[in-house]
Amino acid sequence: MELSLNQIAELLDGEVFGDLEKIIRDVAPFETANDNQITFADSARFYKNLERTAAGAVIVPRKVKAADKNIVKVDNHKAAFARLMDVYHPAAKPKTGIRSTAVVGKNFKCGKDVSIAPMVVIGNNVSLGHGVILYPGVVIGDNVLIGDETKIYPNVTVQENCRLGNRVIIHAGTVIGSDGYGFVAEGESYRKIPQLGFVQIDDDVEIGACNTIDRATFGKTWIQRGVKTDNLVHIAHNVTVGKNTVIVAQTGIAGSSTIGNQATLAAQVGIGGHVHVGDNVMIGARGGVTKSVANGEIVSGFPEIPHRLWLKVQRIIPRLPEIKKKLAIVEKRLKKLEEKLD
Amino acid sequence: MELSLNQIAELLDGEVFGDLEKIIRDVAPFETANDNQITFADSARFYKNLERTAAGAVIVPRKVKAADKNIVKVDNHKAAFARLMDVYHPAAKPKTGIRSTAVVGKNFKCGKDVSIAPMVVIGNNVSLGHGVILYPGVVIGDNVLIGDETKIYPNVTVQENCRLGNRVIIHAGTVIGSDGYGFVAEGESYRKIPQLGFVQIDDDVEIGACNTIDRATFGKTWIQRGVKTDNLVHIAHNVTVGKNTVIVAQTGIAGSSTIGNQATLAAQVGIGGHVHVGDNVMIGARGGVTKSVANGEIVSGFPEIPHRLWLKVQRIIPRLPEIKKKLAIVEKRLKKLEEKLD
Amino acid sequence: MELSLNQIAELLDGEVFGDLEKIIRDVAPFETANDNQITFADSARFYKNLERTAAGAVIVPRKVKAADKNIVKVDNHKAAFARLMDVYHPAAKPKTGIRSTAVVGKNFKCGKDVSIAPMVVIGNNVSLGHGVILYPGVVIGDNVLIGDETKIYPNVTVQENCRLGNRVIIHAGTVIGSDGYGFVAEGESYRKIPQLGFVQIDDDVEIGACNTIDRATFGKTWIQRGVKTDNLVHIAHNVTVGKNTVIVAQTGIAGSSTIGNQATLAAQVGIGGHVHVGDNVMIGARGGVTKSVANGEIVSGFPEIPHRLWLKVQRIIPRLPEIKKKLAIVEKRLKKLEEKLD
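This report concerns the structure included in the present document. Numbering of residues begins from 1 in every chain and follows the order in which that chain's sequence is written. The order in which chains are written sets their letters, starting at A; the order in which ligands are written sets their numbers, starting at 1. With pLDDT at 70 or above as the cut-off, local features in this predicted model cover only qualifying residues; side-chain atom pairs require 80 or more to be listed or tallied, and sums for whole chains, interfaces and linings still use all residues. No hydrogens and no water enter the side-chain calculation; it runs on all heavy atoms of the structure.

On to the interface of chain C and chain A, then. Chain C puts 64 residues into the contact, and the matching count from chain A is 56 residues. What gets called buried area is simply the loss in accessible area from a 1.4 Å probe that two parts show on being joined, summed for both. Carbon and sulfur atoms supply 70% of the area that chain C and chain A bury against each other, a total of about 4900 Å² over both sides. Considering only the side of chain C, the residues that lose the most area to chain A are Tyr181, Phe218 and Phe302 of chain C, jointly responsible for 14% of the buried surface there. The term salt bridge refers to a side-chain nitrogen of Lys or Arg lying within 4 Å of a carboxyl oxygen of Asp or Glu. Here glutamate 206 of chain A and lysine 192 of chain C are joined by a salt bridge, their closest N and O atoms 2.7 Å apart. Any pair of nitrogen or oxygen atoms within 3.5 Å is treated as a polar contact; in protein, a donor-acceptor pairing is required on top of that, and neighbouring residues in sequence qualify only through side-chain atoms on both sides. For the interface between chain C and chain A, the tally reads 21 residue pairs in polar contact (both at pLDDT 80 or more). When residues of the side of chain C that touches chain A are traced back to their parent elements, those giving at least two are strand S21 (175-178), strand S22 (183-186), strand S23 (189-192), strand S26 (212-214), helix H4 (307-316) and helix H5 (320-341) of chain C. Considering every element that reaches the side of chain C that touches chain A, the biggest residue donor is H5 of chain C, with ten residues. Tallied by class, the residues present in the side of chain C that touches chain A amount to 33 nonpolar, 19 polar and twelve charged. The criterion used for residue contact is that any of the two residues' heavy atoms lie within 4.5 Å. Counting from the N terminus, the helices are DSSP H or I runs at least four residues long and the strands are E runs at least two residues long. When residue character is reported, Ala, Val, Leu, Ile, Met, Phe, Trp, Tyr, Cys and Pro are called nonpolar, Asp, Glu, Lys and Arg charged, and the others, Gly included, polar.

Right under this line is the structure:
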């Protein structure tokens, strides 16, 4: 694909400084881009050193001053570059239609231009919106509803009664709608508590690879609009995750907890059961949350403490041997003084 | 389904106080139940406030006094309610038979009323008991033995020579019988140690979604009767997990360790290799066990310490900056005194 | 299979002390081996107590003195025993050929003696080397290249453009080439950053079950020769893992980090983004690495500190309540002295 900088600026609602007719054939990282490619300057470190890239043009924030380079000024340079990546490399669309080796249940409803790969198995009473893509090995249970333009990668399982919105992406190997972990002691053994609810995943959610999102005991486990999860994330029964919250890899959320909107759960976090994590909360990597966290707080550690305090504590912990030694010396000196004064 | 309270009490071996003929059409949670539904009072907070539910009846412990509500007194109110959930919502049974798109190996033995879904692949010399359910995408290796009424959810892999008992449930995406992680250094690289053993899973075990349970190097990795694992649990080669032990999400157990009966491993726990965790042990969330733990102990932290001590320690850790400061002040005051006395 | 000790010694480049003609029919562990079996003495504890095994012969290091047992002295007794395990129990090879229920895309290239199981789905422009084994439910995306003798276990997904070398083993349920976790804020929501790169896995790598290895944003996520990962490991986009590095279960490596050669990441480790972990580094179990680690260092804890310091710190942490109490006593005694001297 070929676009002039002028065309690119129009696409991105940006302003070109330099050669308007410069032809750009691809996107590339700052360090490796060549004269046919456009890149972006991630931060001041990059846009104050534009001579360091061989790119034919650079996307920069509005505030950047003119330079010896061709630059395209935009409001959100990172988002603009991501949009351009999509333009030069549109997502591959598998052939539309239902492959002959897919198995589809009774009472199947389905929009236009769906693509159902070989070895997909779809239960009864399933409804798919327009443009849905199901990759090989996907298993869809009975009574599942899926919206428009949703894409499900290979070997994903979506179990009965679950509901997925529009433009949802589910990465490979993930399980949606496994039973919640509910048991009740009965003598020395445990009786299973039937898990009668479902999982609802709203529009524009992206779920990473090998996630496990359990169905609710009653009602729903609910992943709200715009949530993004990384790989190997566990979300237990009856959890609600609020809009545009991001959950980084290997995090687990225990049963019946609720996470607010625009929250950030960094990697390897654990959220205990029956707690509420507020809007805009940030949990540092490996934080273990045992109590509810108010809107806007930044916490780390296990159990969670304010992030700033945690940073101080983390600096002291390696000095514990020294503190212990100092205390022992203090005790000796004190004893000496006491004896002197006796 | 319609049952009178009288019929329900008979089912549960309970006693009705109130309207024996009251018709109940469903089960529901305390907060959302309506007059056609029965619920249960989880704890004193609920059964001392029975007026707070709109349920047509409430299942309560024997000790609860008569109330303005219809109540059903039973010995184990949680287990009774779980039983009732099963009565009103019996688990869906897929059609029996072997779907035409399933592939079955040589020398296949199989009980009555099995249900083998599309895209299931079964190796040679496999034996299934009565009523086994294999969901789509399940792969069963050669020489696998599976007991009666066992249910294996979509995209699960059970590799060669593994043995599953009766009424076992394996949730979606799980892998049973992957190779143990065994290597031996040979110069700068590693030689694989062949993993010649298998995995044995006894009766009434339930394994969560996306678990990995490795085969033994020699002999067996053994999950004993009644064990329940949550999602994303890792169990390494040659581990034994004792009867009715529960293992919460994202826990890992390293090679050759043994866990006793009725133990509880909370979420995100790690158990080191070659240790023994005793019967009735409880490991707190995120506990990291490096040595053997005696029967009945309750431990937390990494490395593990008694849970009560850990609670104290956890309260002090955020106060470390304060302790450090106090110690510095003490040192100064001490110095002053020493100088005075010199 | 029957081999004389003489034949075994030739195979292993070893030296027999005892009955050269002794026939050995199998390999077995030290504790359970019988007179027809050979075992190995793992460490001094075993080879100084050779009378404790009933094995017909024992493989031992060269330095071990002659004994009442038949022994075979070799340079690397563990590797020698692993080789013998392979001799007596060669890995099962599924039937060669492409099963009729596998689906293969356009422009498929394929070496000799491949084995493609039922329900395998292979995209367009895929190339497989000689002797490749694809187990049931494996999904291979478009433009994937796979070398000779590579083995991919059931329900693994290898997405488009990824490259696997020779003699690679991928265990069941693993996902290679899922999208990197890349998003850019756009108002209150997030825009997906397209992930245009791929994953390259070099020769002799073994990847555990239910791993997730993300494709690069640009370029490649790179797992170099001889790397071995355990189960449930997460490797993010643009990570490089150096040669012969071992990564134990449930470890996660964040985006753009590089790990050197011959490093060891113990279980449940976390490596932050954009850091470099040097050659021969060892990270203790549960270590959380936030900064780059120089070649040869041994670190533990979160954030990481030298392992020896961490051991000291770990011994002090349970004594914090005692330290706090001692400090309070010191303060009181000090106050008394100060009053006396006032």
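Read on for the rest.
All copies are superposed by least squares; the fitting set is the C-alpha atoms of residues with a pLDDT of at least 70 in both. Aligned on chain A, chain C shows an RMSD of 0.0 Å; the corresponding rotation is 120 degrees and the shift along the axis is 0.0 Å. This pairing of chains is accounted for by a three-fold axis.

Once that is clear, we can look at a positive patch on the surface. Note that patches include only residues with greater than 30% relative accessible area and no salt bridge, and the join distances are 9 Å for like charges and 5 Å for nonpolar side chains (Val, Leu, Ile, Met, Phe, Trp, Tyr). The Shrake-Rupley method, run with a 1.4 Å probe, gives the accessible areas here. Residue values count only the displayed protein chains as cover. In this tally Asp and Glu are treated as negative and Lys and Arg as positive; neither His nor the chain ends contributes. Just so you know, the charge point we use is NZ for Lys, CZ for Arg, CG for Asp and CD for Glu. Judged by side-chain charge, Arg308, Lys312 and Arg315 of chain A together with Lys325 of chain B come together as a positively charged surface patch. A total of three residues in the positive patch trace back to one element, the largest contributor, which is helix H4 (residues 307-316) of chain A. Turning to its location among the elements, lysine 325 of chain B is positioned in helix H5 (residues 320-341).

Turning our eyes to something else, we now look at the pairing of strand S21 (residues 175-178) of chain B. Residues and elements named next belong to chain B. As paired elements, strand S18 (residues 157-158) and S21 share two bridges and run parallel to each other. Across the sheet, residue threonine 157 finds its bridge partner in S21, namely valine 175. As paired elements, S21 and strand S26 (residues 212-214) share three bridges and run parallel to each other. Residue pairing in the sheet places valine 175 in a bridge with threonine 212 of S26. At least two bridges found by DSSP between two strands is the condition for calling them paired.

For helices, the fitted line uses only the C-alpha atoms of the stretch in contact; every axis is such a line through C-alpha atoms, and the angle between N-to-C directions lies from 0 to 180 degrees. Put simply, helix H4 (residues 307-316) of chain B and H5 of chain C touch, their axes get as near as 8 Å, and they point 55 degrees apart. The orientation of H4 of chain B relative to H5 of chain C falls into the category oblique. Here Leu309, Lys312, Val313 and Ile316 of chain B of H4 of chain B lie close against H5 of chain C, whose contacting residues are Leu320, Pro321 and Lys324 of chain C. Across the contact of H4 of chain B with H5 of chain C, the residue classes tally to five nonpolar, no polar and two charged. Oblique is the label for any angle not under 35 degrees, not over 145, and not in the 65 to 115 range, which are roughly parallel, roughly antiparallel and roughly perpendicular in turn.

Here we come to the interface of chain A and chain B. Between chain A and chain B, the contact holds 64 residues from the first and 56 residues from the second. Contact between chain A and chain B buries roughly 4900 Å² in total, counting both sides, with carbon and sulfur atoms accounting for 70%. Considering only the surface of chain A that becomes buried against chain B, Tyr181, Phe218 and Phe302 of chain A emerge as the three largest contributors, covering 14% of it. Measuring nitrogen to oxygen at the nearest pair gives 2.8 Å for the salt bridge that ties arginine 333 of chain A to glutamate 338 of chain B. Linking chain A with chain B are 21 residue pairs in polar contact (both at pLDDT 80 or more), by the criterion used here. Elements supplying a minimum of two residues to the side of chain A that touches chain B: strand S21 (175-178), strand S22 (183-186), strand S23 (189-192), strand S26 (212-214), H4 and helix H5 (320-341) of chain A. For the side of chain A that touches chain B, the leading source of residues is H5 of chain A, giving ten residues. Tallied by class, the residues present in the side of chain A that touches chain B amount to 33 nonpolar, 19 polar and twelve charged.

Our focus in this paragraph is the packing of aromatic side chains. Ring pairs are drawn from Phe, Tyr and Trp, using the six-membered ring of Trp, whenever the two centres fall within 6.5 Å, and their geometry is named by plane angle: stacked under 30 degrees, edge-to-face over 60, tilted for the rest. On inspection of all chains with the given rule, the structure shows 18 aromatic pairs over all chains. Between phenylalanine 218 of chain B and phenylalanine 81 of chain C the ring centres are 6.2 Å apart and the planes differ by 45 degrees, which places this aromatic pair in the tilted class. Placement of phenylalanine 218 of chain B in the loop between S26 and strand S27 (220-223) and of phenylalanine 81 of chain C in helix H3 (residues 77-88) is noted, with the two residues assigned to different chains. For phenylalanine 218 of chain B, a relative accessible area of 19% corresponds to the buried category. Connected via pairs of aromatic rings, a cluster forms that spans Phe40 and Phe81 of chain A together with Phe218 of chain C. We note arginine 286 of chain C situated over the ring of phenylalanine 302 of chain B; from NZ or CZ to the ring centre the distance is 5.3 Å. Buried means the residue's accessible area, taken with a 1.4 Å probe over protein chains only, is under 20% of the maximum for its type, while exposed means over 50%, and partly exposed covers the values in between. Geometrically, a charge over a ring is one whose NZ (Lys) or CZ (Arg) sits within 6 Å of the ring centre while staying within 35 degrees of the ring normal.

Next up on the list: the side chain of lysine 228 of chain C. Looking at where lysine 228 of chain C falls in the secondary structure, it is placed in strand S28 (residues 228-229). Look at lysine 228 of chain C: it is buried, it has no salt bridge, and the nearest opposite charge is glutamate 206 of chain C at 4.9 Å. In this structure lysine 228 of chain C touches Tyr181, Phe183 and Tyr190 of chain B together with Asp204, Glu206, Thr245, Val246 and Ile247 of chain C, once residues within four positions along its chain are discounted.

Let us now look at the pairing of strand S7 (residues 71-74) of chain A. All names here are of chain A. Judged by which residues are buried, S7 turns out to be covered on both faces: Ile71 and Lys73 on one side and Val72 and Val74 on the other are all buried. Across three bridges, the pairing between strand S2 (residues 15-17) and S7 is antiparallel. When the sheet's bridge partners are listed, phenylalanine 17 is paired in S7 with isoleucine 71. Where strand S6 (residues 57-61) and S7 come together, four bridges link them in parallel fashion. Its bridge partner being in S7, isoleucine 59 is matched across the sheet by valine 72.

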